[in-house]
Amino acid sequence: MGLGDFRFEIGTAAYQKLQRTQGFRWEKQDRIGRAPALQFTGPDLIAVELEGTIYTAFKGGLGQVLKMRELAAKGEPQDLVDGTGKVWGPYVILDVAETQSVFLADGRPRRIDFTVKLQEYGQDAGAA
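Procedures and definitions
Residues numbered from 1 in each chain as written. Predicted model: local features only at pLDDT ≥ 70, side-chain atom pairs only at ≥ 80, totals over all residues. Heavy atoms only, no water. Helix = DSSP H or I, 4+ residues; strand = E, 2+ residues; numbered from the N terminus. Rg over C-alpha atoms; globule rule 2.2 N^0.38 Å. Buried < 20%, exposed > 50% of the residue type's maximum accessible area, 1.4 Å probe, protein only. Contact = heavy atoms within 4.5 Å. Areas by Shrake-Rupley, 256 points an atom, 1.4 Å probe, with all protein chains shown as cover. Pairing = 2+ DSSP bridges. Phe/Tyr/Trp six-rings, centres within 6.5 Å; stacked < 30°, edge-to-face > 60°. Patch = residues over 30% accessible without salt bridge, like charges linked within 9 Å, V, L, I, M, F, W, Y side chains within 5 Å. Salt bridge = Lys/Arg side-chain N within 4 Å of Asp/Glu carboxyl O. Core = buried A, V, L, I, M, F, W, Y, C linked by side-chain atoms within 4.5 Å.

### Digging into the overall build of the protein chain
- Helix and strand counts for the protein chain come out as one helix and seven strands.
- Listed N to C, the secondary structure of the protein chain is β-β-β-β-α-β-β-β in terms of helices and strands.
- On C-alpha atoms alone, the protein chain measures out to a radius of gyration of 19 Å, which is more than a quarter above the 14 Å that the 2.2 N^0.38 rule sets for 128 residues.
- In the protein chain, buried positions account for 30% of the 128 residues.
- In the protein chain, the share of contacts with a sequence separation of at least 24, taken over all contacts with a separation of at least 6, comes to 60%.
- Carbon and sulfur atoms make up 51% of the accessible area of the protein chain, which amounts to about 8400 Å² in all.

This is the structure:
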């Protein structure tokens, strides 16, 4: 999976879990003298959560979570593309979390578990 120029892969930040959720919007319409009704207003944006592990002795090293945060800090949507080449469209990074463990004598972690929360950016009608 790739988000912009960042790659989630074995040599960098491999994810073991991908959760994709999408809500559907129903707005309450008040009515006089009877219970409100719901009106379908359309699908909501898709959210994707990736959970994985970085072993810092491998190619990607300690800098992978920092690279995710730098990409998020740009404040720009990035194309999300899966391993089959399917383009999911523009997504933004909402949250990057990490848990460090298995420390070396100098305090560097040998293992970093991470979670990245992505949100579909949402395109205007007619956008390609």
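On we go from here.
### Looking at the sheet that holds strand E4 (residues 34–55)
- With antiparallel pairing, the seven strands of this open sheet are ordered in space as E2-E1-E5-E6-E7-E4-E3. Single-partner strands in this sheet number two, and they are strand E2 (6–7) and strand E3 (14–31).
- Of the strand pairs in this sheet, strand E5 (residues 78–81) and strand E6 (residues 87–103) are connected by four bridges, and their pairing is antiparallel. Directly across from Val81, in E6, lies its bridge partner Val87.

### A look at the packing of aromatic side chains
- Under the counting rule described, the total for this entry stands at five aromatic pairs.
- With 6.3 Å between their ring centres and 25° between their planes, Phe8 and Phe114 make a pair best called stacked. Note that Phe8 is positioned in the loop between E2 and E3 and Phe114 in strand E7 (residues 109–120), a separation of 106 residues in sequence.
- Classification of Phe8 as buried rests on a relative accessible area of 7%.
- You can call Phe114 buried: its relative accessible area is 2%.
- Aromatic side chains Trp26 and Phe40 sit 5.1 Å apart centroid to centroid with 55° between the ring planes, which places their arrangement in the tilted category.

### Some points on a nonpolar patch on the surface
- A cluster of nonpolar side chains, Phe24, Trp26, Leu38 and Phe40, forms an exposed patch at the surface whose accessible area comes to about 480 Å².
- Among the secondary structure elements, those contributing two or more residues to the nonpolar patch are E3 and E4.
- Position of Leu38 relative to the elements: it lies in strand E4.

### Notes on the nonpolar core
- Membership of the largest hydrophobic core comes to 21 residues, with the highest contact counts inside it found for Leu3, Phe8, Met68, Tyr91, Phe114 and Leu118.
- When contributions to this core are tallied by element, the ones reaching two or more residues are E4, helix H1 (64–73), E6 and E7.

Functional significance is not addressed by these values, which are geometric in nature.
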